[in-house]
Amino acid sequence: MRNLEKDAIEQAKRRQAFLEHGFALFSSKGIEAIRLQDVAKASGYGIATLYRYFNTKAGFAVAIAEWKWGEFFKENRKRRPSDNFENMTAADMFSFYLESFLEIYRKNKALLRFNQFLNIYIQSEDMDDDALDAYRDLMKPIISFFHEMYERGKHDHTVRTDVSEEEMLSSTIHLMLAAVTRYAVGLVYQHESGFDEIKELETLKELLFMKYAAL
């Protein structure tokens, strides 16, 4: 009789190996440049084994994104002073939200590079609805947190609510994510005397905070 628990552990081990090696290859060389055969070989398994877990490259790339973003959100929650920010203002939550983008840059530049490659890949591929829905859901934790912050701002008036929640979220998430991504992939002007990328990103954070915090 097969040991079902042992089989489940082995299956999880193989799946994780594919995710880890896929992320390493995709984030360093781009998604379009890497074949699933390359991922299978790097993982130490055959391509047929990989196809048992992921039958399309697009679905595999999105699964990697779900795993890596999930890991980041789990780690980022550890920075919270409490689960639901008791005794903190909406402005405090807004500052935490903006700082989270710098946290990605400091600790997970490879995720930002991978995410940039994924955005490019998705635009060039005819993806099925399930993969697209999973891709769109990646930012749900950020959207949910932002909504909680905005609702708190309606009561304590420490962030602007004369600007719609959708406009504020769109502006801040796109500006911060675009900025940290450009630094992560190296698409920035570099003076011969050098520059301090963290200082520059903190400047953007401060500008957005001043714009939307009602202080």
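Check the entry above for the structure.
None of the values given here were measured: they were computed from a predicted structure.

Draft legend 1. Structural view of the overall build of the protein chain. Scanning the protein chain from terminus to terminus reveals ten helices and zero strands. The principal-axis extents of the C-alpha atoms in the protein chain amount to approximately 65 × 50 × 30 Å. For the protein chain, the residues scored as buried account for 42% of the 215 residues in total. Look at the contacts in the protein chain between residues 6 or more apart in sequence, and 74% of them connect residues 24 or more apart. If you sum the accessible surface of the protein chain, you get close to 12,300 Å²; carbon and sulfur atoms cover 50% of it. Where the 29 positive side-chain charges of the protein chain centre and where its 34 negative ones centre are 6 Å apart.

Draft legend 2. The nonpolar core, seen in detail. Counting 67 residues, the largest nonpolar core has F26, F60, I64, W69, F94, Y97 and F114 as its most contacted members. Setting aside anything within four residues of it in sequence, one finds W69 in contact with I104, L111, N115, L138, M139 and L177.

Draft legend 3. Local environment of the environment of E99. Here E99 lies in helix α5 (residues 90–107). Spatially, the C-alpha atoms of E99 and L201 are 9.6 Å apart, while their sequence positions differ by 102 residues. E99 has contacts with R79, R106 and K205, leaving out every residue within four places of it along the chain.

Draft legend 4. Up close: the side chain of T49. Secondary-structure assignment places T49 in helix α3 (residues 47–53). With residues near it in sequence (within four places) discarded, T49 still touches R14 and F18.

Here is what the cut-offs are and how they apply
- Residues numbered from 1 in each chain as written.
- Predicted model: local features only at pLDDT ≥ 70, side-chain atom pairs only at ≥ 80, totals over all residues.
- Heavy atoms only, no water.
- Helix = DSSP H or I, 4+ residues; strand = E, 2+ residues; numbered from the N terminus.
- Buried < 20%, exposed > 50% of the residue type's maximum accessible area, 1.4 Å probe, protein only.
- Contact = heavy atoms within 4.5 Å.
- Areas by Shrake-Rupley, 256 points an atom, 1.4 Å probe, with all protein chains shown as cover.
- Lys, Arg positive; Asp, Glu negative; His and termini not counted.
- Charge placed at Lys NZ, Arg CZ, Asp CG, Glu CD.
- Core = buried A, V, L, I, M, F, W, Y, C linked by side-chain atoms within 4.5 Å.

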